[in-house]
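Listed below, chain by chain, are the residues.
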Amino acid sequence: MENDIQIVITGASGFVAKNLRRYLSGKNIKLISISRNDFKSFKNEVKIVSRNYDEKSILPIIQNSDALIHLVGIGKQSIQTDYNMINVEFTKHIVNLSKKAKIKKFVYASGLGVSGNTSLGYFISKYNAEQLIINSGINYTIFRPSYIVGKDDLFTKYLNKQIKKGIIEIPGSGSYSIQPIHINDVVKIFFLSVIQTNFKNKIIDLVGPDMITFEQYVKLFSKGTKTKIKKINLENAYHTAITNSKSNFGVDDLNILIGNFKGNHDKLRKITKFPFQSVIELLKSGRFS
Ligand SMILES: NC(=O)c1ccc[n+]([C@@H]2O[C@H](COP(=O)([O-])OP(=O)(O)OC[C@H]3O[C@@H](n4cnc5c(N)ncnc54)[C@H](OP(=O)(O)O)[C@@H]3O)[C@@H](O)[C@H]2O)c1
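Residues numbered from 1 in each chain as written. Predicted model: local features only at pLDDT ≥ 70, side-chain atom pairs only at ≥ 80, totals over all residues. Heavy atoms only, no water.

S.K.: How should the overall build of the protein be read in this particular structure?
M.R.: For the protein, the count of helices and strands is eleven helices and 13 strands. In terms of overall dimensions, the protein is globule-like: its C-alpha atoms have a radius of gyration of 19 Å, near the 19 Å expected for 289 residues. The principal-axis extent of the C-alpha atoms belonging to the protein is close to 55 × 40 × 35 Å. Expressed as a percentage of contacts within the protein between residues at least 6 apart in sequence, the contacts between residues at least 24 apart total 73%. For the protein, the distance from the average position of its 42 positive side-chain charges to the average position of its 22 negative side-chain charges is 3 Å. (Helix = DSSP H or I, 4+ residues; strand = E, 2+ residues; numbered from the N terminus. Rg over C-alpha atoms; globule rule 2.2 N^0.38 Å. Contact = heavy atoms within 4.5 Å. Lys, Arg positive; Asp, Glu negative; His and termini not counted. Charge placed at Lys NZ, Arg CZ, Asp CG, Glu CD.)

The following block contains the structure:
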């Protein structure tokens, strides 16, 4: 019975986690959600607020859960929090807790472009996190997402903010591609990975059906508004990213865009066997948010 399932979610206040918790709660799944700060809980949800996810407060509550979906992660570093600390060491802590708690399934959001021969710090941290999970012996599914979009993701919020200002800046040529996937599909896929055995011990690209250049995406997104699209010199974009921690695009946001990574949507479609939402169609029809 689906509603006998108990799922633990880390990073509960994040974009993906919030949407996933809402979806799972709607399916009457028992949830245990963990965040550093207080948050509003959904139906069937046990809330844990813990800054360091300390064993004493968490272990007794998550014992024997059917799955843990680890959604803590950072894509920008600072002196306080770097990739090794959060993406690797924090994941190690959560993997250890999961082993002690005898959690049956570990689901992780890595990143599209992660591979064993990457030279990028962000991807190296995600790769190392993947290895910790693979070597844990727990049944796992690792997803490597491209841009997950909905109405409240960072990228969509950025574009809406720029539209209000009347100008969207594109770093460089904008001819690099993205493979956006809709958050509604992502939450369904995460759930399937918990309940279906064909996701067992797999690494799967989490990418939508369309490949589109960044420029085309931005044009479609701002269609019908009077927004100007301005290409900014890549050197200037990197300079701003390096010197201003509050810049719209961080260094690794730029690296990921310019990296032009392509994912395998067919493999995902074969495993999930459901019709995907085309983000492009949504944008064209004006039903995006
Ligand atoms: N969204 C995308 O398009 C995308 C694409 C590729 C990969 N991913 C990966 O998917 C995962 C979820 O992404 P998201 O878009 O939902 O990100 P998000 O909104 O930034 O959420 C990440 C969550 O991680 C937790 N976190 C951040 N710093 C932390 C710290 N120092 N200590 C403990 N927890 C911390 C926070 O949870 P609390 O505030 O609840 O504590 C935060 O809300 C991330 O690992 C991300 O790298 C996302």
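What follows continues from the structure just given.
S.K.: Please clarify how the environment of glycine 263 should be interpreted in this entry.
M.R.: One can find glycine 263 in the loop between helix H9 (251–259) and helix H10 (265–272). Expressed as a C-alpha distance, the spacing of glycine 263 and lysine 105, which sit 158 residues apart in the sequence, is 24 Å. In contact with glycine 263, other than residues within four places in its own chain, are Leu112, Gln179, Asp205 and Val207.

S.K.: Is there a simple way to think about the layout of surface pockets in this case?
M.R.: It is the rolling of a water-molecule-sized probe over the atoms that shows where space remains empty. Roughly 220 Å³ of volume is contained in the second largest pocket. Lys76, Gln77, Ala241, Gly250 and Val251 are, among the 14 residues lining the second largest pocket, the residues nearest its centre. Contributing elements (two or more residues each) for the lining of the second largest pocket: helix H8 (234–243) and H9. The class makeup of the residues in the lining of the second largest pocket is four nonpolar, eight polar and two charged. (1 Å grid on protein atoms, 1.4 Å probe; cavity = no way out; pocket = protein on both sides within 12 Å on 5 of 7 lines; lining within 4 Å. Points joined across faces, edges and corners; volume = space filled by probe spheres on them. Nonpolar A, V, L, I, M, F, W, Y, C, P; charged D, E, K, R; others polar.)

S.K.: When you look at the side chain of arginine 21 in this model, what are you seeing that I'm missing?
M.R.: You can see arginine 21 is positioned in helix H1 (residues 15–26). A relative accessible area of 2% places arginine 21 in the buried class. At 2.6 Å, the side chain of arginine 21 forms a polar contact with the side chain of glutamate 45. Not counting residues within four places of it along the chain, the set of residues in contact with arginine 21 comprises Ile9, Ala12, Leu31, Ser33, Phe39, Lys40, Ser41, Phe42 and Glu45. (Buried < 20%, exposed > 50% of the residue type's maximum accessible area, 1.4 Å probe, protein only. Polar contact = N/O pair within 3.5 Å; in protein donor to acceptor, adjacent residues only side chain to side chain.)

S.K.: Hey, could you run me through the site of the ligand in this one?
M.R.: Within the structure, the ligand sits among 23 residues, and Ser13, Phe15, Val16, Ser35 and Arg36 are positioned closest to it. Within the contact set of the ligand, an oxygen atom lies 2.9 Å away from a side-chain nitrogen or oxygen of lysine 126. Between an oxygen atom of the ligand and a main-chain N or O atom of isoleucine 148, the distance comes to 2.9 Å. Counting only elements with at least two residues in the shell around the ligand, the list comes to H1, helix H3 (83–100) and helix H4 (121–134). Considered class by class, the residues forming the shell around the ligand number 13 nonpolar, eight polar and two charged. (Near = heavy atom within 4 Å.)

S.K.: Any chance you could explain the packing of H1 against helix H6 (residues 183–195) here in plain terms?
M.R.: Between two packed helices, what matters for the description is the angle formed by their axes and the separation of those axes. Look at H1 against H6: their axes get within 9 Å of each other, and the N-to-C directions meet at 65°. Regarding the angle of H1 to H6, the classification is roughly perpendicular. Helix-helix and strand crossings are classified by hand; for H1 and H6 the assignment is right-handed. Between H1, through Phe15, Val16, Asn19, Leu20, Tyr23 and Leu24, and H6, the contact on the second element is made entirely by Ile183, Val186, Val187, Lys188, Phe190 and Phe191. Here the residues of the contact of H1 with H6 sort into ten nonpolar, one polar and one charged. (Axes fitted to C-alpha atoms, helices over the stretch in contact; angles between N-to-C directions. Parallel < 35°, antiparallel > 145°, perpendicular 65-115°, else oblique. Left-handed = near helix turned anticlockwise from the far one by under 90°.)

S.K.: Is there a simple way to explain the nonpolar core in this structure?
M.R.: The tendency in soluble globular proteins is for nonpolar side chains to be buried side by side. Ranked by internal contacts, the top residues of the largest apolar core, which has 32 residues, are Ile7, Ile9, Ile69, Leu71, Ile189, Phe190 and Leu206. Secondary structure elements with two or more residues in this core: strand E1 (6–10), H1, strand E4 (67–70), strand E5 (105–109), H6, strand E11 (202–206) and H10. When residues of this core are assigned to their parent elements, the largest contribution, eight residues, is made by H6. The residues contacting leucine 206, other than those within four sequence positions of it, are Phe143, Arg144, Pro145, Ser146, Ile148, Ile181, Val186, Ile189, Phe190 and Leu268. Listed in part, the 26 residues of the second largest apolar core include Leu159, Ile170, Leu220 and Leu254. (Core = buried A, V, L, I, M, F, W, Y, C linked by side-chain atoms within 4.5 Å.)

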